[in-house]
Amino acid sequence: MTKKILVIGGTGFIGSNLIKKLDNLNFKIFSLSRFKPKVEKKIKNTNYIYCDLKDKKKLIKCLKNKDFDFVINLGGEINHSNKKKVYNSHFLGTKNLIDIFKDKKIKKFIQFGSSIENGNVKSPQKEYLVKDINKINSNYGKAKHLATQILLKYYKIYSLPVVIFRLYQVYGPYQSTNRLIPFVIKSSLENKKFPCSSGNQFRDFIFIDDLIKLILKALKNKESSGQIFNVGFGKPISVKKIIKMIVSKIGKGKPDFGKIKLRKDEKKIIYSNIAKLKKTFKWHPKIKFEHGIGKTILHFKKNASK
């Protein structure tokens, strides 16, 4: 039987990649976002709904008479500089959603949080619930943390089958060029000199295809409800190595290392402990960085003129 799935933020990077995969499976797909997708991200068999999560009345109207088996929340403000907008989209928007779905018989609500929610836990980071929200160093992280708290509360009170995935760095085709890897690829393809940090930070990068496979596994997993999972590759790679690898593979590009100064509170090494994730979902990331970055570069080369 065809299952109905709602992807919040279905026109974004992760959402559009997910819907492309779902389109080949037995799902009736709905996407909810504020804006229409770009032409290259629009998928033929998807029902697009346009609404702002923070407007609860309009949200109720948009979702009226629509029942779903699965809800995946990838929505939220991309620009994290405006505290109010970040709070409204990542916390209030999530609360509005679960107020609507708490009494409906959905099989799974997958929430995408952030590794920032783990606070200053030493790497490799296990899943951690920060007791003092002021120890989280960003408005985005605080909003995501508040969302996590209310989701776990709704799980206990209403048995809302929620799973929280705390993402580290995801990369791959269709990612916006305001992110590190697409920015470096685009700049290198154009053979530009571009500013970057010293590159001495170590971060955890997971390829989009590995993440999509995890999401599909999570839809079927009944033991994961009410739990938080870190989602990354589980191994750190230096930013400098990433930039040099991209420049080498493309054969051009001029990184200006040290041009961008690191924040004083920026941690040098951040990566995930994914033992809980692997055990629960019988999943592990398979795509090594060098292979994933090759596929990503190829995508941007093909779409450079679009």
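In the block above lies the structure referred to throughout.
In what follows, the accompanying structure is described. (Residues numbered from 1 in each chain as written. Predicted model: local features only at pLDDT ≥ 70, side-chain atom pairs only at ≥ 80, totals over all residues. Heavy atoms only, no water.)

**Some remarks on the pattern of salt bridges**
When their charged atoms lie close together, side chains carrying opposite charge are able to pair. Worth spelling out the cut-off: One side-chain nitrogen of Lys or Arg within 4 Å of one carboxyl oxygen of Asp or Glu is enough to make a salt bridge. A run of H or I in DSSP counts as a helix once it spans at least four residues, and a run of E counts as a strand once it spans at least two, with each numbered from the N terminus.
For the structure on display, the rule yields 14 salt bridges. The salt bridge involving Lys-104 is made with Asp-67; its shortest N-O contact spans 3.7 Å. In this pair, Lys-104 sits in the loop between α3 (83-101) and β5 (108-114) while Asp-67 sits in the loop between α2 (56-63) and β4 (70-73), placing the two residues 37 residues apart along the sequence. Where Glu-266 meets Arg-263, a salt bridge forms, and the shortest distance between an N and an O atom there is 4.0 Å.

**Points about the state of the cysteines**
This is how the line gets drawn: Pairs of cysteine sulfur atoms within 2.5 Å are what we label disulfides.
Tallying each qualifying case throughout the model produces zero disulfides. With no disulfide partner, Cys-51 has as its closest neighbouring cysteine sulfur the one in Cys-62, 3.5 Å distant.

**Section: helix α7 (residues 239-250)**
One turn of the α-helix equals 3.6 residues, which is why residues spaced by three or four share an orientation. The line we're drawing: Working rule for helices: expected span equals 1.5 Å times residues minus one. Burial classes follow relative accessibility: with a 1.4 Å probe on protein chains only, a residue under 20% of its type's maximum area counts as buried, one over 50% as exposed, and anything between as partly exposed.
Its twelve residues place the ends of α7 17 Å apart at the C-alpha level, agreeing with the 16 Å of an ideal helix rising 1.5 Å per residue. Those residues of α7 that sit buried are Val-239, Ile-242, Ile-243, Met-245, Ile-246, Val-247 and Ile-250. Of the residues flanking the end of α7, it is Gly-251, one or two places downstream, whose phi is positive at about 90°.

**Structural notes on the environment of Glu-40**
Which entries qualify depends on this criterion: Pairs of residues are marked as contacts when any of their non-hydrogen atoms sit within 4.5 Å.
Along the chain, Glu-40 falls in the loop between β2 (27-33) and β3 (46-50). Spatially, the C-alpha atoms of Glu-40 and Lys-240 are 31 Å apart, while their sequence positions differ by 200 residues. Beyond its immediate stretch of four places on either side in the chain, Glu-40 contacts Lys-20 and Tyr-174.

Distances and angles like these do not, on their own, reveal function.
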